[in-house]
Each structure stands twice: as C-alpha cells, then as structure tokens.
Amino acid sequence: MKEFKTIDEVRKEMEGLYLNGHSLPAILERFHVTAEPFVSLMTDYKCASMEVETKFNVLNSRLSVYGEMNPIESIKSRIKSPESILMKMERKNLPFDLDSIRNNITDVAGVRVICSFVDDIYRLEELFLSQDDIVLTKRKDYIESPKENGYRSLHLIVEVPIFTESGKRNVSVEVQMRTIAMDFWASLEHKLRYKKDISPEMIDALGEDLKKCALDSADLDRRMEEVKKKLYSQPEV
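This section reports on the structure supplied with the text. Each chain has its residues counted from 1, following the order in which its sequence is written. In view of the model being predicted, local features appear only for residues whose pLDDT reaches at least 70, and side-chain atom pairs are presented and counted only at 80 or more, with totals across whole chains, interfaces and linings using the full set of residues. To get the side-chain values, all heavy atoms of the structure are used, and hydrogens and water are removed first.

1. Details of the nonpolar core
Formed by 40 residues in total, the largest nonpolar core has its most connected members in Y45, F56, I101, F128, V173, V175 and M177. At the level of elements, helix 3 (35-65), strand 3 (72-79), helix 4 (82-91), helix 5 (98-104), strand 4 (109-115), helix 6 (118-129), strand 6 (154-164) and strand 7 (167-179) are the ones that each hand at least two residues to this core. Top contributing element to this core by residue count: helix 3, with 9 residues. Contact between two residues is taken to exist if any of their heavy atoms lie within 4.5 Å; hydrogens are not considered. Not counting chain neighbours up to four residues away, the residues in contact with F128 comprise V52, K55, F56, L59, I134, L156, V158 and V175. Throughout, nonpolar core names a set of buried Ala, Val, Leu, Ile, Met, Phe, Trp, Tyr and Cys residues whose side chains join them through atoms within 4.5 Å. Note on exposure labels: buried denotes an accessible area under 20% of the residue type's maximum, exposed denotes more than 50%, and partly exposed covers the range between, all computed with a 1.4 Å probe on protein chains only. Under the scheme used here, helices are H or I runs from DSSP no shorter than 4 residues and strands are E runs no shorter than 2 residues, and both carry numbers assigned from the N terminus.

Encoded structure:
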C-alpha cells in the first residue's frame, strides 16, 4: 500500500485526470459537484485510516507490556486515487456523486496489518473488533478459504468514527491482515500478474506456478507456528 497523499497532491491528480476522454473537473461539473467536497471526503478517509492505524499500534504496544512478542511487523496505509475510484464506479455502473462513493465503495481507505504468525492475526482481530467504537460491516477470511489463485488474507470492512469541524462521522475502512509470507506472495503475484505483453499460455502456466508457491507459503506459516508453540512451551532457564 502506498503512503498517504497530501490534499494538494490529490487536487493535482484530479486536475490532470481524464476518464473516457473527459477531464475530471468536467465530470464533477456534470454531476454538480466541485473539487473541494471531493478533497474533503478523501480527507475523511485519510483521518479514518489514521484512527485505525493508531488502534493497531496501541494494541501492539499494550501486548508488549506483558512480555509478549509484538504481533505486528508493520502497518501500511493507502487512499485510493481519484482515478481508481472513478474506474471502480464505472465498472459497477454507479452514478458519480459523493453519496454514491460513501455508500458503495468500501475500500477507499485501506490499512494493511502484517503479522508474524497466523494466530496473531485472529487475536488482533478479536481485540480490535471488541472496541466499542468499531463496527464490523463485512468479513472475508481468505486464510481459512483461500482464493482460487492461492491468495490468503483476512479482510475486514469496518466503520470508524472521526470527529470533524462539522461533527462526528462514521467512515468505512478496509483492513487487510496477513502474515509476512502472505504479504510477500501477494506482492510478487501482483507484480507478475500485471506485467505487460504476456501470452495467454504464459498466464496459465504462471497461475499454476503461483498456486504452488501459495501452498508452500501456507506450509511455511504452519511450520513457523509449530516452532513458536514448541519454543513457548519450554520453561525458561
């Protein structure tokens, strides 16, 4: 996931964006929306991501107080670009207005939490969702049930409150939780899949190889989990 863009960077992206031959300012004008409300909405998503990221950092710090290993290796955040949002709305045949974005695009804000072990993922999920200001709206467990291509991750869509100059708002954030091995596989799979000028035959062969790599990755997670359990079952010397 990419780091957050500033508001000025988002505004510049919007000024230079074209979709089906139309500039974004022209699209916004067509739907009677100016650029400022769009930038304001993106700022809401940025703030919501910051809230979620802070909650995971606090959990990571609190767990370390009791002599446990920090379960989180890293946290990455991103906000979808205006182009990605528009393209997704086109695919879904949605009208372009701010309410449509709020009500239909749940992954504008994303936070990816990379953990050491699989059981860390589920423990953090439980602690995170037990907080009374977090509302779970959708859950997909691709660890228990991997995608056809071998992809594994736990996906949560949550609503988190942010407090703005005009009051409290609940904003959707997609949380992806993975082990280091899952993230490594997903990152390489994405790079290979989106390489240009690949024949259909190569794509099929690549898919089979990636599935085998995904199985190896899952086996590595399982074996490392077993090593950890053996290690922590031993009395300290």
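2. Structural notes on the packing of helix 6 against helix 8 (residues 200-233)
Only the contacting stretch of a helix is used when fitting its axis, a line to C-alpha atoms as for every element, and angles between N-to-C directions run 0 to 180 degrees. Their axes nearest at 8 Å, the elements helix 6 and helix 8 cross at an angle of 80 degrees. By the angle between their directions, the pair helix 6 and helix 8 is classed as roughly perpendicular. The residues of helix 8 that touch helix 6, namely those facing V118, D119 and D120, are D221, E225 and K228. Here the residues of the contact of helix 6 with helix 8 sort into 1 nonpolar, no polar and 5 charged. For classification purposes, angles smaller than 35 degrees are called roughly parallel, those larger than 145 roughly antiparallel, those between 65 and 115 roughly perpendicular, and all remaining angles oblique. Any residue outside Ala, Val, Leu, Ile, Met, Phe, Trp, Tyr, Cys, Pro, Asp, Glu, Lys and Arg is labelled polar, Gly included; the first ten of those are nonpolar and the last four are charged.

3. Here we look at the pairing of strand 4
Counting buried positions along strand 4 yields 7 of 7 residues, so the element is predominantly enclosed. Burial along strand 4 is two-sided: A109, V111, V113 and C115 facing one way and G110, R112 and I114 facing the other are all buried. Both strand 3 and strand 4 contribute to a ladder of 7 bridges, which runs antiparallel. Across the sheet, R78 pairs through a bridge with G110, a residue of strand 4. Only when DSSP finds a minimum of two bridges between them are two strands counted as paired. Where strand 4 lies against strand 7, 6 bridges are found, and the strand directions are parallel. In the strand pairing of strand 7, I114 is matched with R178.

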